[in-house]
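Analysis of the macromolecular model
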Amino acid sequence: KQEVTQIPAALSVPEGENLVLNCSFTDSAIYNLQWFRQDPGKGLTSLLLIQSSQREQTSGRLNASLDKSSGRSTLYIAASQPGDSATYLCAVLNNNDMRFGAGTRLTVKP
Amino acid sequence: NAGVMQNPRHLVRRRGQEARLRCSPMKGHSHVYWYRQLPEEGLKFMVYLQKENIIDESGMPKERFSAEFPKEGPSILRIQQVVRGDSAAYFCASSPKDEQFFGPGTRLTVL
């Protein structure tokens, strides 16, 4: 059974810092991995999708890496801004079942 | 191309009533997924549907819950005889193949 863990559970940084969010999963036979952002009381916004054959994806200030063999993914956020404050979720897809981590709650202070 | 639509956004029901949650996928998407987010917990997969077919319902409670995705119209998640423990945010996602796009969710409160 796939288990997804995100560390840290919460992170607070001053504006402008670069930061890394971590995601680990127990079953490396994944189809893809997706990073989402969730704002309080709102739905999920897809940030990056990495197929199992890929090692990283980039979008603007975001970079996500995937090391399938070790069961790890990282989300790198460059030059953080207060608007980046949200909960970040990683999710892995095995067969038809997408498993989510509990998320990292990020606060970027002005 | 409008995003995934869910309605209602907020739904209040008394114990024993029925709740019907609707999800309209993005245009061209034939895959729909339903998830539940309980207070202070992560998202949990419930069911995966393609048009007129349930592909995987392994995450859905065996009783009181059902889902459909008819040939025409939105996908429906139906909860019969709701109990307080059903109070949660219910999200649907649609996909053309791989990437899932999420709706804003329906927040169900059972009094």
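Whatever comes next refers back to the structure up there.
Being a predicted model, the structure only gives us computed values, none of them experimental. (Residues numbered from 1 in each chain as written. Chains lettered and ligands numbered in written order. Predicted model: local features only at pLDDT ≥ 70, side-chain atom pairs only at ≥ 80, totals over all residues. Heavy atoms only, no water.)

A closer look at the interface of chain A and chain B
At the junction of the two partners, chain A supplies 18 residues and chain B supplies 17 residues. Of the roughly 1500 Å² buried between chain A and chain B, counting both surfaces, carbon and sulfur atoms make up 51%. In this assembly, chain A and chain B are joined by zero salt bridges. Inspection of the chain A/chain B interface yields three residue pairs in polar contact (both at pLDDT 80 or more). (Contact = heavy atoms within 4.5 Å. Buried area = accessible area lost by both parts, 1.4 Å probe. Salt bridge = Lys/Arg side-chain N within 4 Å of Asp/Glu carboxyl O. Polar contact = N/O pair within 3.5 Å; in protein donor to acceptor, adjacent residues only side chain to side chain.)

Describing the packing of aromatic side chains
This structure, assessed with the given rule, holds eight aromatic pairs over all chains. Considering the side-chain rings of phenylalanine 100 of chain A and phenylalanine 102 of chain B, the 6.0 Å spacing of their centres and the 85° angle between planes classify their relative orientation as edge-to-face. With phenylalanine 100 of chain A in strand S10 (residues 97-100) and phenylalanine 102 of chain B in strand S10 (residues 101-102), this residue pair bridges two chains. Per residue, the accessibility class of phenylalanine 100 of chain A equals that of phenylalanine 102 of chain B, and both read buried. (Phe/Tyr/Trp six-rings, centres within 6.5 Å; stacked < 30°, edge-to-face > 60°. Helix = DSSP H or I, 4+ residues; strand = E, 2+ residues; numbered from the N terminus. Buried < 20%, exposed > 50% of the residue type's maximum accessible area, 1.4 Å probe, protein only.)

Thoughts on unusual backbone geometry
Isoleucine 7 of chain A connects to proline 8 of chain A through a cis peptide bond whose omega is 0°. Checked against the element boundaries, proline 8 of chain A lands in the loop between strand S1 (4-7) and strand S2 (10-14). With phi around 45°, alanine 79 of chain A is a residue other than glycine that occupies positive phi space. With respect to the secondary-structure elements, alanine 79 of chain A resides in the loop between strand S8 (72-77) and strand S9 (86-94). Judged by its relative accessible area of 36%, alanine 79 of chain A is partly exposed. You will see that arginine 64 of chain B, though not glycine, has its phi angle at about 75°, which is positive. Look at arginine 64 of chain B and you get partly exposed, because its relative accessible area is 26%.

With respect to the sheet that holds strand S3 (residues 19-25) of chain A
Residue and element names in this part refer to chain A. What the five strands build is an open sheet, ordered S1-S3-S8-S7-S6; its pairing is antiparallel. Across the chains shown, the open sheet's two edge strands, defined by having one partner strand only, are S1 and strand S6 (56-59). Here the average twist between neighbouring strands, direction ignored, is 15°. (Pairing = 2+ DSSP bridges. Axes fitted to C-alpha atoms, helices over the stretch in contact; angles between N-to-C directions.)

Overview of the state of the cysteines
All names here are of chain A. All told, the structure shown has two disulfides over all chains when counted by the stated rule. Covalent S-S linkage joins cysteine 23 and cysteine 90, the inter-sulfur distance amounting to 1.9 Å. Since a negative S-S torsion denotes a left-handed disulfide, the cysteine 23-cysteine 90 link at about 60° is right-handed. Highlighted residues: cysteine 23 in strand S3 and cysteine 90 in strand S9, separated in sequence by 67 residues. We note that cysteine 23, like cysteine 90, is buried. (Disulfide = S-S within 2.5 Å.)

Quick notes on the layout of surface pockets
Approximately 590 Å³ is the volume found for the largest pocket. If you trace the largest pocket, you find 24 residues lining it, with Gln38, Thr87 and Arg105 of chain A together with Gln37 and Glu41 of chain B closest to the centre. Put simply, the parts of the chain that give the lining of the largest pocket at least two residues each are S9 and strand S11 (104-109) of chain A. Element by element, the count of residues in the lining of the largest pocket is highest for S11 of chain A, at four residues. (1 Å grid on protein atoms, 1.4 Å probe; cavity = no way out; pocket = protein on both sides within 12 Å on 5 of 7 lines; lining within 4 Å. Points joined across faces, edges and corners; volume = space filled by probe spheres on them.)

Some points on the sheet that holds strand S1 (residues 5-7) of chain B
Residue and element names in this part refer to chain B. The antiparallel open sheet is built from four strands, whose spatial order is S1-S3-S8-S7. Strands at the two margins of the open sheet, each flanked by one partner only, are S1 and strand S7 (65-68). For this sheet, the mean inter-axis angle between neighbouring strands, taken without regard to orientation, is 15°.

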